[in-house]
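Now for the letters of each chain:
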Amino acid sequence: MKIDIRSQGITVSDDLREHIERCVNFGLDWAEHDVDRIVVSLSDINGPRGGNDKRCHLRIPLSRMRDVVIEEVACDLQAAIAHAVDRAAGSLERRLSRQREFGPTPVFSAEE
């Protein structure tokens, strides 16, 4: 499973990269056969003003299904990452179990 980390207004240190990889691997390693890539986008909404402004946006592309998209905002970036991964795990589990039970959900393009 490839983890693609993107950031806007935040410097991704080695420790932060390690935290992201640890959280994603711990929370989503059970889905490694269904998930090829996870896109983690980090941003600081308010910049230097502070506040509840650290955003973690996760996107998990799935073949023949809609992507799982989760966004979490918190004071602490590590907490936002951990909560986003927890929510993504639940969403992904529901989506995959539904697909196994009922078959793939059709994805419609804008052209139809």
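Residues numbered from 1 in each chain as written. Predicted model: local features only at pLDDT ≥ 70, side-chain atom pairs only at ≥ 80, totals over all residues. Heavy atoms only, no water.

Visitor: Go over the sheet that holds strand β3 (residues 54-60) with me, naming the residues and quoting the values.
Guide: Pairing is mixed in the open sheet, where four strands are placed in the order β1-β2-β3-β4. For this open sheet the edge positions go to β1 (2-8) and β4 (68-74), each flanked by a neighbour on one side alone. Taken over all neighbouring pairs, the strand axes of this sheet differ in orientation by 15° on average, direction set aside. As defined by bridge partners, β1 adjoins strand β2 (residues 37-44) across seven bridges and the pair is classed as parallel. Among the inter-strand pairings, arginine 6 is bridged to a residue of β2, identified as serine 41. The strands that helix α1 (residues 14-28) touches are β1, β2 and β3; relative to β1, the one it contacts most, it runs at about 135°. (Pairing = 2+ DSSP bridges. Helix = DSSP H or I, 4+ residues; strand = E, 2+ residues; numbered from the N terminus. Axes fitted to C-alpha atoms, helices over the stretch in contact; angles between N-to-C directions. Contact = heavy atoms within 4.5 Å.)

Visitor: Explain the nonpolar core residue by residue, including any values.
Guide: Within the largest apolar cluster, 31 residues are counted, with the highest numbers of intra-cluster contacts made by Ile20, Leu42, Leu58, Ile60, Ile81 and Leu92. Listing elements by their share of this core, those giving two or more residues are β1, α1, β2, β3, β4 and α2 (77-102). Take this core: its biggest share by element is nine residues, from α2. When residues no more than four places from it in sequence are discounted, the contact partners of isoleucine 81 are Leu16, His19, Ile20, Cys23, Leu42 and Cys56. (Core = buried A, V, L, I, M, F, W, Y, C linked by side-chain atoms within 4.5 Å. Buried < 20%, exposed > 50% of the residue type's maximum accessible area, 1.4 Å probe, protein only.)

Visitor: I'd like to hear about the environment of glutamate 71, residue by residue, with values.
Guide: Mapped onto the secondary structure, glutamate 71 falls in strand β4. Along the sequence, glutamate 71 and cysteine 56 sit 15 residues apart, while their C-alpha atoms lie 5.7 Å from each other. The residues contacting glutamate 71, other than those within four sequence positions of it, are Arg55, Cys56, His57 and Arg87.

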